[in-house]
Amino acid sequence: MPHSDLAPPIITSASPTGIVSSASAATTLSLTTQEAALCRYSLNPKTNFDSMTQSFSADPLGLKHQAPLSNLSGGNSYAYYIRCKDKEGNIALADTTVIFSIANDNSPPSLSNLQPSGTLAFGTSQATLRVNTNEKSSCRYANSNGLLFSAMTQSLTASSDGLSHSALLNGL
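Residues numbered from 1 in each chain as written. Predicted model: local features only at pLDDT ≥ 70, side-chain atom pairs only at ≥ 80, totals over all residues. Heavy atoms only, no water.

**Looking at the sheet that holds strand β4 (residues 37–42)**
Pairing in this open sheet of 5 strands is mixed, and the strands run β2-β9-β8-β4-β5 from one edge to the other. Lying at the two open borders of the sheet, with one neighbouring strand each, are β2 (18–20) and β5 (54–55). Where strand β8 (residues 77–86) and strand β9 (residues 96–102) come together, 6 bridges link them in antiparallel fashion. The residue of β9 that forms the bridge with A79 is I99. (Pairing = 2+ DSSP bridges. Helix = DSSP H or I, 4+ residues; strand = E, 2+ residues; numbered from the N terminus.)

Encoded structure:
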């Protein structure tokens, strides 16, 4: 006797929710279904399943689903609208909505490996100022102490990952 499955897959858990750390501009959209399913998502609510272009990868059983998200910005909220379809073709009629925010990054970057250090040799006329940061940053310097970042007019050049910075100092 053939079994007739007329019920769409049910999403039993989905994440992230709430506020996500700003330590990274990326996170993973994850969900679990109670039966094997193909799941997709959209940035627009009530999108027809077949029109959704973003899909999840699934574990071998088709129960745990993940989709990497990138280029997320601190202080912003995000909403993803998810629908799943089972092997019989049953599609969830309503979206499962995942809403979360990326926390603002209110802490300055940490500086390390500042070079040169100590006293330069007599007669040195130029040196390369180098510094590493723990997060993508813009770095500036000045010839006097106590200036606000916005008042510093000299910039260090950042590496492609924004973590290493340098400037050639002349006329020392």
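**Side note on the packing of aromatic side chains**
Enumeration over the complete set of coordinates arrives at 4 aromatic pairs. Put simply, the rings of Y41, F56, Y78, Y80 and F100 touch in pairs and so form one group of aromatic residues. (Phe/Tyr/Trp six-rings, centres within 6.5 Å; stacked < 30°, edge-to-face > 60°.)

**Quick notes on the sheet that holds strand β15 (residues 164–170)**
The strands making up a sheet associate through hydrogen bonds between their backbones, and the pairing can be parallel or antiparallel. Read from one edge of the open sheet, 4 strands run β10-β11-β15-β14, paired in antiparallel fashion. Looking at which strands have only one partner, the edges of the open sheet turn out to be β10 (111–115) and β14 (157–158). Pairing of β14 with β15 involves 2 bridges; the strand directions are antiparallel. Its bridge partner lying in β15, A158 is registered against H165.

**Describing the environment of N71**
If you trace the backbone, N71 turns up in the loop between β7 (64–69) and β8. Judged by its relative accessible area of 69%, N71 falls in the exposed class. If sequence neighbours within four positions are ignored, N71 has contacts with A25 and Y78. (Buried < 20%, exposed > 50% of the residue type's maximum accessible area, 1.4 Å probe, protein only. Contact = heavy atoms within 4.5 Å.)

**Thoughts on the pattern of salt bridges**
In total, this model carries 1 salt bridge according to the counting rule given. The salt bridge partner of D95 is R83, with a shortest N-O separation of 2.7 Å. Separated by 12 residues along the polypeptide, D95 in the loop between β8 and β9 and R83 in strand β8 bring together distant segments of the chain. On the basis of relative accessibility, which here comes to 11%, the residue R83 falls in the buried class. (Salt bridge = Lys/Arg side-chain N within 4 Å of Asp/Glu carboxyl O.)

**With respect to the pairing of β7**
Here β7 shows a clear split, with H65, A67 and L69 buried on one side and none of K64, Q66 and P68 buried on the other. Sheet topology places strand β3 (residues 27–33) next to β7; 6 bridges connect them, and they run antiparallel. Residue pairing in the sheet places S30 in a bridge with Q66 of β7. Where strand β6 (residues 57–58) lies against β7, 2 bridges are found, and the strand directions are antiparallel. Residue pairing in the sheet places S57 in a bridge with Q66 of β7. Where β6 folds back onto β7 in an antiparallel hairpin, the turn is made up of 5 residues, including G62, whose phi is positive at roughly 75°.

Just geometry here; none of it tells us what the structure is for.
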